[in-house]
Amino acid sequence: MSSLQSSALSRVKPSATIAVTAQARKLKAEGRDVIGLGAGEPDFDTPDNVKQAAIDAINRGETKYTDADGMPELKAAIVAKFKRENGLDYTTAQIHVAPGGKPVIFNALVATLNPGDEVIVPAPYWVSYPDMVLLAGGEPVTVVGEEKDGFKLRPEVLEAAITPKSKWLILNSPSNPTGAAYTRAELEALAEVLRRHPQVWVLTDDMYEHLVYGDFEYTTIAQVAPDLYERTLTVNGVSKAYAMTGWRIGYAGGPKPLIDLMRKVASQTTSNPASISQWAAVEALNGPQDFMAERRDAFEKRRDLVVSMLNQATGITCATPEGAFYVYPSIAGLIGKTTETGVVIDGDSTFAAELLNAEGVAVVQGEAFGLSPYFRISYATSDAVLEEACSRIQRFAASLR
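All values reported here derive from a predicted model rather than from experimental measurement.

Helix and strand counts for the protein chain come out as 14 helices and twelve strands. Considering only C-alpha atoms, the protein chain reaches an extent of 60 × 60 × 55 Å along its principal axes. Residue pairs at least 24 apart in sequence account for 74% of intrachain contacts in the protein chain once pairs closer than 6 positions are excluded. For the protein chain, the exposed surface amounts to about 16400 Å²; the carbon and sulfur share of it is 53%. Computed over 38 positive and 49 negative side-chain charges, the separation of the two mean positions in the protein chain equals 3 Å.

Printed below as a string of structure tokens:
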């Protein structure tokens, strides 16, 4: 009997971050005292003016289909955002809107990849990148940004990974899972490599753009290297900056021929994002932006708390990231140690499982992001919860023998 599952789907794994969050919810429902640090979701609420815009849209009867890849009003707001915040000039015909950032990326890959095409994916990577490439029929090529390089891709590593089959490079800055962000100089160095390989397109996932700390200056590659504009897709969304994860609005700006192909995909798959969510996103982008600074300060304070406490844990070291709301600590100093129940910590997957069993703290293993032995913590929760979680991690690490 033939398999029900397609060969394309058999190549991919379920999302590890979603799985960890689901497991934490299950244990909580069973009465366990569990702290879930797996979800990449701001704990702040959607701003009131954005919620009101959605209510107003409902009351106006804005509940019909829109254009498959976004309504004109939202595309105009996105054009204004790119100009205002990134110095990038797009027309509304160069904008694609989808039900979240994930479909935007998927639409781009499905629209452009043929069997054998390679997509360069720097690790540690967001868990979905390589699997979306596989689903779209391409081949993910993992290249490692090592901790000594700030978890960022070095130009010579990129150069060595490029082949005649290379179709895309995916960049994510600030990064999920490490929080690493590329400086202008680092982006310029990567651009210098890309100029020598005109067949390589660049997909830059800028979802955490507004969450950078200290005096870090955020830039995106089409801004730094205007000559790459015609082969760059700049992806963003309202999920993180505006605490609108459940509203499901992602968007991108890029060359019109690519956007036309992505629209074709959307027209036969998801069609338009929810009309009410689109009107809420119009208000988010066009409305007051002043609330962001206060939230950014709160995230920066949480980052510093978590980094400090993790670096006080036995056998754990934690770099200080430039942005996002994640840290990516190393457990190299714990490999080979044994838990009180006799389990040997042979990798980050075992560490995450035993930490959850012993202390009720849910984290995501580094294996899921393509670089071990690390784990990811999302610090998008209250100071009190983070302090308790880090105390439990310290206690667990100290208990290993």
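That shown, we press on.
In regular strands, side chains alternate between the two faces of the sheet. The alternating pattern of strand 12 (residues 375-378) places Phe-375 and Ile-377 and Arg-376 and Ser-378 on opposite faces, both of which are buried. In this structure, strand 9 (residues 326-327) lies alongside strand 12, joined through two bridges in antiparallel fashion. Residue pairing across strands places Tyr-326 opposite Ser-378, the latter belonging to strand 12. Looking at chain direction, strand 11 (residues 364-365) and strand 12 are connected through two bridges and run antiparallel. Residue pairing across strands places Gln-365 opposite Phe-375, the latter belonging to strand 12.

With six of seven residues buried, strand 5 (residues 166-172) lies mostly within the body of the structure. Sheet analysis places strand 3 (residues 118-123) next to strand 5, joined by three bridges and oriented parallel. Counted as the bridge partner of Val-119 is Trp-168 from strand 5. One ladder, built from five bridges, connects strand 5 with strand 6 (residues 201-205); its direction is parallel. Its bridge partner lying in strand 6, Asn-172 is registered against Asp-205. Between the parallel pair strand 5 and strand 6, the chain is carried across by helix 8 (residues 184-195), and the sense of this crossover is right-handed.

Under the local residue numbering, the UniProt record ascribes the feature "domain: Aminotransferase class I/classII large" (unreviewed entry) to residues 33-393. Each end of residues 33-393 is marked by a C-alpha atom, and these two atoms are 14 Å apart; helix forms 38% of the span and strand 14%.

By the secondary structure assignment, Leu-88 is in the loop between helix 4 (72-86) and strand 2 (95-98). Residue class for Leu-88 comes out buried when judged on its relative accessible area of 4%. In this structure the C-alpha to C-alpha distance between Leu-88 and Gln-223, which are 135 residues apart in sequence, comes to 6.4 Å. Those residues in contact with Leu-88, other than ones at most four positions away along the chain, are Phe-82, Lys-83, Thr-220, Ala-222, Gln-223 and Thr-234.

Rules and cut-offs
- Residues numbered from 1 in each chain as written.
- Predicted model: local features only at pLDDT ≥ 70, side-chain atom pairs only at ≥ 80, totals over all residues.
- Heavy atoms only, no water.
- Helix = DSSP H or I, 4+ residues; strand = E, 2+ residues; numbered from the N terminus.
- Contact = heavy atoms within 4.5 Å.
- Areas by Shrake-Rupley, 256 points an atom, 1.4 Å probe, with all protein chains shown as cover.
- Lys, Arg positive; Asp, Glu negative; His and termini not counted.
- Charge placed at Lys NZ, Arg CZ, Asp CG, Glu CD.
- Buried < 20%, exposed > 50% of the residue type's maximum accessible area, 1.4 Å probe, protein only.
- Pairing = 2+ DSSP bridges.
- Right-handed = clockwise from strand over helix to strand, strands pointing away.
- UniProt positions renumbered as here; feature names shortened; annotations may be inferred.

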